[in-house]
Amino acid sequence: VFPNTLAIIAPPDTTICANNNGSTITLTATGFMPATPLVWSSNPPGMPGDGATTTSIVVSSPTAGTITYTVTGTDINGCFPRTATQDIVARPQPT
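Because the structure is predicted, anything quoted here is derived from the model rather than measured.

**Student:** Quick rundown of the sheet that holds strand E5 (residues 56-59)? Include the residues and the values.
**Tutor:** One open sheet accounts for 3 strands, arranged E1-E3-E5; its pairing is antiparallel. Looking at strand neighbours, the two that pair on one side only are strand E1 (6-9) and E5, the edges of this open sheet. Mean inter-strand twist for the sheet, computed between neighbouring axes without regard to direction, equals 25°. With 4 bridges joining them, strand E3 (residues 25-31) and E5 adopt antiparallel strand pairing. From the neighbouring strand, threonine 26 faces E5, where its bridge partner is valine 58.

Okay, structure coming up:
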């Protein structure tokens, strides 16, 4: 029996440096394991990991700001969608 919740495992510090300078964070979905593939999305759209269908994604950011990642999955019947979200803060690089 799988848990009814979907969660994201992230490091305690979810702050990275902007401008894709090699600063990354791995996010991993855990808990409810859906029959359909997991789908990751980002807000703003188009960030690294957006559209991925894997259990884990590695994220970075080309710009400073807060990025919200959401992972979604449904059961074998396409019912009972579950989502989890995680904010990542990308700090600007010093000038």
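Still more ground to cover, so stick around.
**Student:** Go over the sheet that holds strand E4 (residues 39-43) with me, naming the residues and quoting the values.
**Tutor:** Spatial ordering of the open sheet is given by E2-E7-E6-E4, a layout of 4 strands whose pairing is mixed. If you trace the sheet from one side to the other, it starts and ends with strand E2 (15-17) and E4, each paired once. Looking at each pair of strands side by side, their axes are set apart by 30° on average, direction ignored. Here 5 bridges tie E4 to strand E6 (residues 65-73), and the two strands are oriented antiparallel to one another. Paired with serine 41 across the bridge in E6 is threonine 70.

Definitions and limits used
- Residues numbered from 1 in each chain as written.
- Predicted model: local features only at pLDDT ≥ 70, side-chain atom pairs only at ≥ 80, totals over all residues.
- Heavy atoms only, no water.
- Pairing = 2+ DSSP bridges.
- Helix = DSSP H or I, 4+ residues; strand = E, 2+ residues; numbered from the N terminus.
- Axes fitted to C-alpha atoms, helices over the stretch in contact; angles between N-to-C directions.

Limitation: the analysis is restricted to geometry and does not speak to function.
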